[in-house]
Amino acid sequence: MRNDALDAFDLKLLELMQQDTQRPMAAVAEAVGLSVPACYRRMRRLRASGAIAREVAIVRPRTLGWPLSMLVMVTLEREDARTTQEMMAILRAEPEVIEAWNVTGDFDIAVRMIARDMESYDDTVVRLFSANPRVRAFQTLVVIRELKELSPIPVAG
């Protein structure tokens, strides 16, 4: 769904849903200024169109025994589409990789990883990067403290 296909009600719904998907629809409808059935219809349309990709609980990794977080900046051996696609497929299949992006600049891929301890991180890095012929080099940044959590996307109205 393109942004120009969204009206003010849709934008307000998206803003509210990013804050709290558990908010009762009656409260959402009141905040948006629509009836409850109209809000349900619009929410179904926003989900079906892909404007809302998915609704999930964001769990802090530490809660489940993953206290370490790292950003790994990867330079590939070759910058062709096949090498990049193969590497992204490997990263998508790895549970410790919680986000990954193909980026511009000095690096080809940026990876957000979690680990239970430095030893398990090292084992994963050796397997994914050091021993991978697709990877020329990588650099790890260990996260000391999260300064800002995942935030809602600003809604321009």
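Just so we're clear, the structure is a prediction, and the values are computed from it rather than from any experiment. Residue indices follow the written sequence of each chain, beginning from 1 at its first position. Confidence filtering applies because this is a predicted model: local features only for residues at pLDDT of at least 70, side-chain atom pairs given and counted only at 80 or more, and all residues used for totals across whole chains, interfaces and linings. Values shown for side chains rest on all heavy atoms present in the structure; no hydrogens or waters enter the calculation.

A. Geometry of the overall build of the protein chain. Within the protein chain, the regular secondary structure consists of five helices and four strands. Here a strand is any run of E in DSSP of at least two residues, a helix any run of H or I of at least four, and the numbering for each starts at the N terminus. Reading the protein chain from its N terminus to its C terminus gives the helix and strand order α-α-α-β-α-β-β-α-β. At 20 Å, the protein chain has a C-alpha radius of gyration far larger than the 15 Å of a compact globule built from 157 residues. With the C-alpha coordinates of the protein chain rotated into their principal frame, the extents come out at 60 × 35 × 25 Å. The contact rule is simple, with two residues in contact once any of their heavy atoms fall within 4.5 Å. Sequence-distant contacts in the protein chain: of pairs separated by 6 or more residues, those separated by 24 or more amount to 64%. When the accessible area of the protein chain is evaluated, it comes to approximately 10,600 Å², of which 54% is carbon and sulfur surface. Under this rule, positive means Lys or Arg and negative means Asp or Glu; His and the chain ends count for nothing. Working definition for charges: the position is that of NZ of Lys, CZ of Arg, CG of Asp or CD of Glu. Distance between charge centres in the protein chain, computed from 21 positive and 22 negative side chains, equals 6 Å. Only C-alpha atoms enter the radius of gyration; for comparison, a globular chain is expected to reach 2.2 Å times N to the power 0.38, where N is the number of residues. For the accessible areas, the method is Shrake-Rupley and the probe is 1.4 Å, while residue cover comes only from the protein chains on display.

B. Inspection of the packing of helix α1 (residues 8-19) against helix α2 (residues 25-32) at higher detail. Axis definition: a line fitted to C-alpha atoms, over the contacting stretch in the case of helices. Angles run 0 to 180 degrees between N-to-C directions. It is the contact of α1 with α2, at a shortest axis distance of 10 Å, that shows an interaxial angle of 135°. Judged by the angle between their axes, α1 and α2 are oblique. The hand of the α1/α2 crossing is right-handed. Mapping the contact onto sequence places F9, K12, L13, L16 and M17 in α1 and V28, A31 and V32 in α2. Any angle that falls under 35 degrees is termed roughly parallel, while one over 145 is termed roughly antiparallel, one within 65 to 115 roughly perpendicular, and all others oblique. Each crossing gets its handedness from the near helix: less than a right angle anticlockwise from the far helix is left-handed, clockwise is right-handed.

C. Just the nonpolar core, in detail. Residues belong to one nonpolar core when they are buried, are Ala, Val, Leu, Ile, Met, Phe, Trp, Tyr or Cys, and are joined through side-chain atoms within 4.5 Å. Buried means the residue's accessible area, taken with a 1.4 Å probe over protein chains only, is under 20% of the maximum for its type, while exposed means over 50%, and partly exposed covers the values in between. Counting residues in each nonpolar core, the largest one holds 17 residues, and the members touching the most others are V74, L91, I109, V111 and F129. Residue assignment for this core shows that the elements contributing at least two residues are β1 (68-76), α4 (81-92), β3 (109-115) and α5 (118-130). I109 has contacts with V72, M73, V74, L76, M87, M88, L91, W101, N102 and V103, leaving out every residue within four places of it along the chain.

D. Up close: a nonpolar patch on the surface. Patch criteria: residues need more than 30% relative accessible area and no salt bridge. Like-charged residues are merged within 9 Å; nonpolar side chains of Val, Leu, Ile, Met, Phe, Trp and Tyr are merged within 5 Å. A pair is scored as a salt bridge if a Lys or Arg side-chain nitrogen falls within 4 Å of a carboxyl oxygen belonging to Asp or Glu. A surface patch of nonpolar side chains, amounting to about 350 Å² of accessible area, comprises V56, I58 and L150. Its location among the elements puts L150 in the segment after β4 (135-142).

E. The domain arrangement of the protein chain, seen in detail. In terms of domains, the protein chain is made up of domain 1 (8-49) and domain 2 (61-143). How far each domain reaches was decided by an automatic or database domain assignment. For domain 1 and domain 2, the distance between their C-alpha centres works out to 37 Å.

F. Examining a negative patch on the surface more closely. A cluster of acidic side chains, namely D117, E119, D122 and D123, defines a negative patch on the protein surface. Within the secondary structure layout, D123 lies in helix α5.

G. How the structure looks around the sheet that holds β4. Here, strands pair whenever DSSP counts at least two bridges between them. Pairing is antiparallel in the open sheet, where four strands are placed in the order β2-β3-β1-β4. In this open sheet, the two strands that pair with only one neighbour each are β2 (97-102) and β4. Strand after strand, the sheet turns through a mean of 20° between neighbouring axes, direction not considered. Pairing of β1 with β3 involves seven bridges; the strand directions are antiparallel. Bridging across to β3, V74 finds its partner in I109. Where α4 meets the sheet, it contacts β1, β2, β3 and β4, and its direction lies at approximately 165° from that of β2.

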